[in-house]
Structure formats: structure tokens, C-alpha cells
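Listed below, chain by chain, are the residues.
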Amino acid sequence: MSEQEPGPFTSETLLQGAAWLSGSGSEADVVISSRVRLARNVAGFRFLSRADRQQRQQVLNVCRERLLRLASSNKIMDRGGRLLWVDVHRAPHLERTLMVERHLISKEHARGPAIFNPTAGQVAQAKPGSQATVSGANGEPRGVAITMPDESLSVMVNEEDHLRLQVLLSGLELTAAFERIARVDDALEGPCPGASGRMEFAFSQRFGYLTACPTNVGTGIRVSVMLHLPGLKLTGEMDKVRRATRDMSLAVRGYYGEGSEAAGEFFQVSNQTTLGKPESVILRELESEIIPQIVQYERTARRMLLDKRRRLIEDKVFRALGTLRHARLLTPDEAIMLLSDVRLGVLTGLIDGLTESRVNQLILLTQPAHLQRALGREMDQGERREARADLVRQRLSI
Amino acid sequence: MKGGVPSERHLCERCARELGVHPRPPASPLKVILSEIIASAQGPQAQSAGSPEAQATNCRQCGMPYSQFRTSGLLGCSECYRTFEGLLAPLLARAHEGGTHHVGRKPAHLAETTVPPAAATKVELDARAEAETERRSRAAVLRRKLAEAVASEQYEVAAKLRDELLHASADDAARATPARDDDSPGTADGGER
């Protein structure tokens, strides 16, 4: 994809794909999405912090060729569709941000990596948010492969590791996500029609899959679940969640990742350790033990609020709906916070005539890049606040 | 863009913190007690591996000095894991809640041709994993109680919990087999292209 070509996500197709926001899958009243990712490096190549541009390009070529060949022989596609390849280093800023908002690539992948200077023997990390990196001046070869149209599988090439495989599904579907990603993992190392030689991943008997950052070594797996917990937040019982997760070495983060406040009562729970436990145990701890427990806590809290503090929950929900239907300026944080309250209203039956998936779509559409793409023009922050409020009013009109 | 993909690069920052890349002097009773645990978990072997000479080593494959890893939290190639094994092993055990050896999936070509020394059958592997989970869960509970005891200034209780935790760590160290595993072809041939 070059600067001149239209990107894959047009204003007409913005609401297609992003299957993880469909509101389907198990426990979808509380669990927004399930994500499994694997970190892998190709044997025989340096990790990226010590690779120069030529070596990065070689890794990119090898991985891209294999991914596209496997897709065309249908080895990594699940339900038909096609595999989209994007050269991230050549993609326009808006396009990269769209992919971040759709959870297809990380912010770091959009921004660009640290660059190894072989002469100085040093790594220079581009400063986050600096103009040079945000505008895409970091041209280090990197890419992403995405299954279209559902976007459930994405493979980042040359992020922190050579390969970052991700499967993202709606609801609590970790086992399904893991089975899918394991098939892709196997296919990448297996025979590939037309490809020259095998691809082997860096692996040691002691440490398992070798990753650039030792916090990922071993299985290289990160399993995370996005939860919507407005009931527990309202009843002041979030400590229950923190206690349940702390003893299992799980991390609880906000919607935007580590260090962020939980915008709109959306929380992510994920494993922190990757060495010494098999994938099956890590999955089971989340899918069969911790998450069902949290789901029950949340449902109990919602029931209790409806039974005993109905006026409180009604006030919160309808105040949010009223603001969204009448506001003239909206920041992304305020939008997500209010939409979170409205989602609670829809799920508890307090609000009629709105569906969960419509609310989920608005959470995506009110993000900065989506807003600009939906309206077909680039806007500064002030213009976006106006446009965001207009779009929400229009979509939530009575 | 503020929202979007759950960030994972931050784990390197966490890594930097957990791996002691930016150690801070103990400033409170809690930190004093926890640092004792961390020091004891490393053991004499690890401390010798962490000598200035060992830390001055460069990776024989990519040439990366250990000091660079301490700064960036990132390794340079597969071979770094072997070159710095003595330095990394105790840090990995800390970062992974006591996990020292890989258990789980492996490349298909290895599963076909080799039997891992630590797990001959799936049943044994699952049993090991169960035991490991239980042990870690117990340690995590102890650590939480310890933190709570220190926070509420119950230092006698804290000292007792610390001893229990140290005892558990010592048991683990005694059980751990000194490891010098053969690496797979995936890393052994590590030549660069």
C-alpha cells in the first residue's frame, strides 16, 4: 500500500470486520473480546534490536512471502476470505492509526521501532509522539497481515519480535482463539508450497521460544480478555477482581493498556508469566477459573443494583444517554465513558431500541482516526470534538 | 491516537523493573524484606554468574554487551540466551514467578525427533504443570500476606511470612536441576544471513 492508494478501511467498510466488537460469543454481556497472541522469531536472524535495515528487510521478505503463500494455499485462512498485506512503514499515518484503533497492530508498530546503529553499537529509540515518528518518518521495514473481512487474525512482522501472531474474537472464546493461532503457528513452520526451505523458529529446550524481551520467553503467549465491569465499579467491588487476579499473577489494566485508568469501566485481564507453565494451564486459569468468577461477580452486582438501587443505576444510564443525545462537543474519553454507561443500560434492559453491537460500533467510530475516515476528511482536535458529538447525536437519535 | 490495541511494549518497562535494570535502594521496611527474598532467590551461583567479569561479556553471536540489555531490556539474538544464561536464569525465575524451564508447545520438527528431558509424556507434563501452578499459587498468597503485614506494620507476622517464603524458595532451589540443555537446531545454527 502506498500513500496514493486507498487504504483497506474505507468509510463504507469501517463497520464491516472488527468481528471482535460484534457482541457475539460466550458471556458477551460482560466479556467484550478474547485475544491470544504468540511471539516468535525466525532462527538464523538477529532479533530486531540488533538488526540493521537490510536484515529487517530480509526478515520482512521471508515472513511476507510465507504468509501470502500459506494464505493462497488456504492453510491459514479459517472461513475463506483473503489475506491483506500492509507495508506499515509505507502506510499513511491515518491508516496506521485506524489499524491501532481496530486492535490489528500495536501503537509501537504504528510508530516504528528502535533503530540499531551498528557503527555506534547502540539502539536509538524514537521518542514516542515526536513529530518525526508520528508522521511516519521511521521507515524501518515492518508490516502486518490481516485476514479479511473478519480481521480475526493479524500477524505483525518486525514489531518487537519478528512475528507477533494475534487472534481476536468476540466474547469469551479463548480456547477457540488458541486453537486457531496454534494452527497458524504450525503452518508457518510446516511445508509451504512454492517456498524455498523451511522456516524454523528460534527455540531452546530450556527456555522455549526465544523472544527479544525475556518477559515473553517460553510459550511466548499472551492471553487477554477485555471485560466490561460497570456493575462492580458502581458497587465499589473492584477489589474483588484485583484479589482474584493478583494471586494468579494476572495483570489488570485499563482499556488503553498499562498505566491507563479504566476508561468507561473496560478492563483487560492478561497473564504476565510465560515460562514454566504450558499454554493449556494459562488458558484454563483465565477461561475456566478467573474470568467466569469475575463474570458472576459482575452479574450479581448488576442484579443487586437493579433490585436495590434501581434509581442510582437509572440515573447513571439515562444521564449518559441524555448527554450523548444532546452534547455539542465530545472528547474520546468522555464518549467512551458515556457509551459504557449506555451499554450497561442496554444490557440491563433499561434502554429500549438500542442494540449492544450498535453501542460497540460507536465506541470504535468515535476514535479519532475512525471519525476522520467516516467523515472523509482530516480534522484537528477541536473539529473532531464537534464532529464526534454530531455523529453520536445522529446515531443515537430518538 | 490514545485508544486502541492493548499495549504490550510496556512489558519491557516492566521487564526492566522486574529484571532489576533500574534497581532502587530499599527505602521502606517492605522493600527491605522483599529485597532479601530477591537476593536469596538468586543464590550464590547466580551471584557469581553476575560478577563484573560475567557482566562485561559480549554475546558471541551478535556482539551485544550485557550492559546494553540492562539498558534496553531487549536481547540481541538467540545466542544471547546462551551467552548470558547464568545472568539471565535468576532474573527469568523472578520475572516468571519461579518458572525456570519451558513447558508447552514446541516446534513440530523437535516434537518429532527429540524427547524433552523434563517431560517424556503428556501426563507427566500436565502433572508437572499442576504442581508448578499449585506451588506458585502458594507463594503468591504468601507474598500477598507479607505485603499486607508490612503495610499494616505487623512486622513480627511479616518476618514469619518472609521465613516461610524463603524456605519455599530454598526448597525450589534444591529441586531445580542444574541446566545445560542442548539447544535445538533453531538456535544452534544461529548463523546470520
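Only a predicted model underlies this, so the values are computations on that prediction, with no experimental measurement involved.

## Section: the sheet that holds strand β1 (residues 31-40) of chain A
All names here are of chain A. Across the sheet, eight strands lie side by side as β2-β5-β6-β7-β1-β10-β12-β11; this open sheet has antiparallel pairing. Lying at the two open borders of the sheet, with one neighbouring strand each, are β2 (82-87) and β11 (250-254). When strand polarity is set aside, the average angle formed by the axes of neighbouring strands in this sheet is 20°. Relative to strand β7 (residues 163-170), strand β6 (residues 153-157) runs antiparallel, the two sharing five bridges. Residue pairing for β7: valine 157 is matched across the bridge by leucine 163. Contacting β2, β5 (143-148), β6 and β7, helix α1 (residues 53-72) runs over the sheet at an angle of about 165° to β2. Relative to the sheet, helix α8 (residues 279-308) contacts β1, β10 (221-228), β11 and β12 (266-271), its axis offset from that of β10 by approximately 10°.

## Focus on the environment of arginine 310 of chain A
All names here are of chain A. Along the chain, the position of arginine 310 falls in helix α9 (residues 310-326). Classification of arginine 310 by relative accessible area gives partly exposed; the value is 41%. Note: C-alpha distance between arginine 310 and leucine 350 (40 residues apart in sequence) is 9.9 Å. With near-sequence residues (within four places) excluded, arginine 310 lies in contact with Leu305 and Leu350.

## Quick notes on the confidence of the model for chain B
Residue and element names in this part refer to chain B. Per-residue confidence for chain B averages 63 on the pLDDT scale, and 42% of its residues sit at or above 70. Taking the mean pLDDT of every element in chain B, the minimum, 29, falls on helix α10 (residues 185-188) and the maximum, 96, on helix α5 (residues 78-83). In this model residues 1-11 is a low-confidence stretch, pLDDT under 50, and it forms 43 contacts with partners more than four residues away in sequence or in other chains. Low pLDDT, under 50, characterises residues 20-47; the predicted model gives this stretch 34 contacts beyond four residues in sequence or across chains. Both scores are given for the predicted complex: the pTM is 0.77, the ipTM 0.86.

Parameters and conventions
Within any chain, residue numbers begin from 1 and follow the written order of that chain's sequence. Whichever chain is written first is A, and whichever ligand is written first is 1; the rest continue in order. A pLDDT threshold of at least 70 governs which residues receive local features in this predicted model, and a stricter bar of 80 or more applies before side-chain atom pairs are shown or counted, although totals over entire chains, interfaces and linings include all residues. In computing side-chain properties, one takes all heavy atoms of the structure into account and sets aside hydrogens as well as water. By this definition, two strands are paired if DSSP reports at least two bridges between them. For the purposes of this entry, the term helix denotes a DSSP run of H or I that reaches at least four residues, the term strand denotes a run of E that reaches at least two, and both are numbered from the N terminus. Inter-axis angles, ranging from 0 to 180 degrees, are taken between N-to-C directions of lines fitted to C-alpha atoms, where helices are fitted over the stretch in contact. Throughout, a residue-residue contact means that at least one pair of heavy atoms, one from each residue, lies within 4.5 Å. Relative accessible area decides the class of each residue, using a 1.4 Å probe on protein chains only: under 20% of the type maximum gives buried, over 50% gives exposed, and in between gives partly exposed. Scored from 0 to 100, pLDDT reflects the predictor's confidence in each residue.

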